[in-house]
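Results of the structural survey
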Amino acid sequence: TKCESGCVCADGLYENLDGRCVPAEECPCEYGGLAYGKGEQIQTECEICTCTKGKWKCVQKSKCSSTCSLYGEGHITTFDGQRFVFDGNCEYILAMDGCNVNRLVSSFKIVTENVICGKSGVTCSRSISIYLGNLTFILRDETFTISGKNPGVQYNVKKNALYLMFDIIIPGKYNMTLIWNKHMNFFIKISRETQETICGLCGNYNGNMKDDFETRSKYVASNELEFVNSWKENPLCGDVYFVVDPCSKNPYRKAWAEKTCSIINSQVFSACHNKVNRMPYYEACVRDSCGCDIGGDCECMCDAIAVYAMACLDKGICIDWRTPEFCRKF
């Protein structure tokens, strides 16, 4: 209805993020707050996406992998990305196959033993057991043992200063990489060549986050605690009825927890902030730092920060955050 001063691009040209007018072929694409030029690619675990005329064109990878994380004091992120926390003092099935009603044989089963690790009642993983038929791995006390044999399974163990890594291949079914920081953090990365159903606390790995709370009885639980209780390895363990808030029980620790965990929100991790949402990791760090009150409190805090650093690394962002004074390498 009235004239306003300003500039517009000529017909057939479009304004890019620098304010210049360019043809459609040169339009950039945006992802995570960053601009990518024509022909540039980004990769997720399942897709390769190419920037074309300002839009992402994505191609599904022939082999798709996904990661389930168990870390700190009962934090889990499922294969499909659902997050929850629980305080259970028992053994729980993290992931297994052979979950169909008419199929009782599994080619793998991964179990976590959770124990109380704070006065407020928070729990954390003390050991991980990996069952591959007659072959068993036990991860405990910063080391591991292997017993039995299974000629149908190939595996390789790698070590560095911070992690133990297990590459496991079940031919025709699964390629798995299991990463353990020898403390409280454990990651299961699976690429599968079968349509076999997966189940356990890591969810059913069907690409749908909404039905991840599927119980052992094959129905979707109304809340995470009902779901967790259904995956107890030992039915004689008590059920979990509530989730502890350690910062409310230990308010004197909250300020220290917020201060030390603030490195996640700082410039140190700024390159990753647009790639990985930092708030769930910061909140988990504060909770764990409040709850870890019977020794090893700095270790709990460092483990929580390391999970965010690993999530950044999965997106191609390597953050050098450890120093001799702060969460030094061993």
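Model, not experiment: these values are computed from the prediction. (Residues numbered from 1 in each chain as written. Predicted model: local features only at pLDDT ≥ 70, side-chain atom pairs only at ≥ 80, totals over all residues. Heavy atoms only, no water.)

1. Description of the overall build of the protein
Scanning the protein for helices and strands turns up six helices and 20 strands. Taken along its principal axes, the extent of the C-alpha atoms in the protein is 75 × 50 × 40 Å. A total of 330 residues make up the protein; the buried ones form 48% of that total. A separation threshold of at least 6 residues defines the contact pool for the protein, and within that pool the share at least 24 residues apart is 48%. Approximately 17100 Å² of the protein is accessible, and the part contributed by carbon and sulfur atoms is 51%. In the protein, 36 positive and 39 negative side-chain charges are present, and the distance between their average locations comes to 3 Å. (Helix = DSSP H or I, 4+ residues; strand = E, 2+ residues; numbered from the N terminus. Buried < 20%, exposed > 50% of the residue type's maximum accessible area, 1.4 Å probe, protein only. Contact = heavy atoms within 4.5 Å. Areas by Shrake-Rupley, 256 points an atom, 1.4 Å probe, with all protein chains shown as cover. Lys, Arg positive; Asp, Glu negative; His and termini not counted. Charge placed at Lys NZ, Arg CZ, Asp CG, Glu CD.)

2. Observations concerning the packing of helix H3 (residues 251-261) against helix H5 (residues 279-291)
Axis separation between H3 and H5 bottoms out at 8 Å; the angle between their running directions is 140 degrees. Our classification of the angle between H3 and H5 gives oblique. Crossing handedness for the pair H3 and H5: right-handed. Packed against H3, whose contacting residues are Arg253, Lys254, Trp256, Ala257, Glu258 and Cys261, the element H5 presents Tyr282, Cys285, Val286, Ser289 and Cys290 at the interface. Its residues placed into classes, the contact of H3 with H5 shows seven nonpolar, one polar and three charged. (Axes fitted to C-alpha atoms, helices over the stretch in contact; angles between N-to-C directions. Parallel < 35°, antiparallel > 145°, perpendicular 65-115°, else oblique. Left-handed = near helix turned anticlockwise from the far one by under 90°. Nonpolar A, V, L, I, M, F, W, Y, C, P; charged D, E, K, R; others polar.)

3. A word on the environment of glycine 12
The residue glycine 12 is located in the segment before strand E1 (13-15) in this model. Taking the C-alpha atoms as reference points, glycine 12 and valine 22, separated by ten residues in sequence, lie 8.5 Å from one another. Those residues within four positions of glycine 12 in sequence are excluded, and the remaining contacts are Val22, Pro23 and Ala24.

4. Side note on the sheet that holds strand E7 (residues 55-60)
Taken in spatial order, the three strands make up an open sheet running E5-E6-E7, and their pairing is antiparallel. Both edges of this open sheet fall to strand E5 (41-43) and E7, since each of them pairs with a single strand only. Between one strand axis and the next, the sheet turns by 25 degrees as a mean value, whatever way the strands run. Here strand E6 (residues 47-52) runs beside E7; their pairing, made up of six bridges, is antiparallel. Considered in E7, the bridge of threonine 52 is made with lysine 55. (Pairing = 2+ DSSP bridges.)

5. What to know about the environment of threonine 52
As for its placement among the helices and strands, threonine 52 is situated in strand E6. As a C-alpha pair, threonine 52 and cysteine 29 span 23 residues in sequence and 7.8 Å in three-dimensional space. When sequence neighbours within four positions are dropped, the list of residues in contact with threonine 52 reads Cys29 and Lys57.

6. What about the domain arrangement of the protein?
By domain assignment, the protein separates into domain 1 (13-60), domain 2 (65-230) and domain 3 (246-315). On the side of domain 3, 18 residues touch domain 2, which itself brings 19 residues to the contact. At the boundary of domain 2 with domain 3, total buried surface from both sides reaches about 1700 Å², with 57% on carbon and sulfur atoms. Here domain 2 is connected to domain 3 by one salt bridge. Put simply, arginine 287 and aspartate 87 hold a salt bridge, and the shortest N to O gap is 3.0 Å. The interface formed by domain 2 and domain 3 contains seven residue pairs in polar contact (both at pLDDT 80 or more). Tallied by class, residues from the side of domain 2 that touches domain 3 come to eight nonpolar, seven polar and four charged. (Domains from an automatic or database assignment. Buried area = accessible area lost by both parts, 1.4 Å probe. Salt bridge = Lys/Arg side-chain N within 4 Å of Asp/Glu carboxyl O. Polar contact = N/O pair within 3.5 Å; in protein donor to acceptor, adjacent residues only side chain to side chain.)

7. Some points on the side chain of threonine 77
Tracing the chain through its elements places threonine 77 in strand E9 (residues 75-77). The contacts of threonine 77, once residues within four sequence positions are left out, are Thr67, Cys68, Ser69, Tyr71, Gln82 and Arg83.

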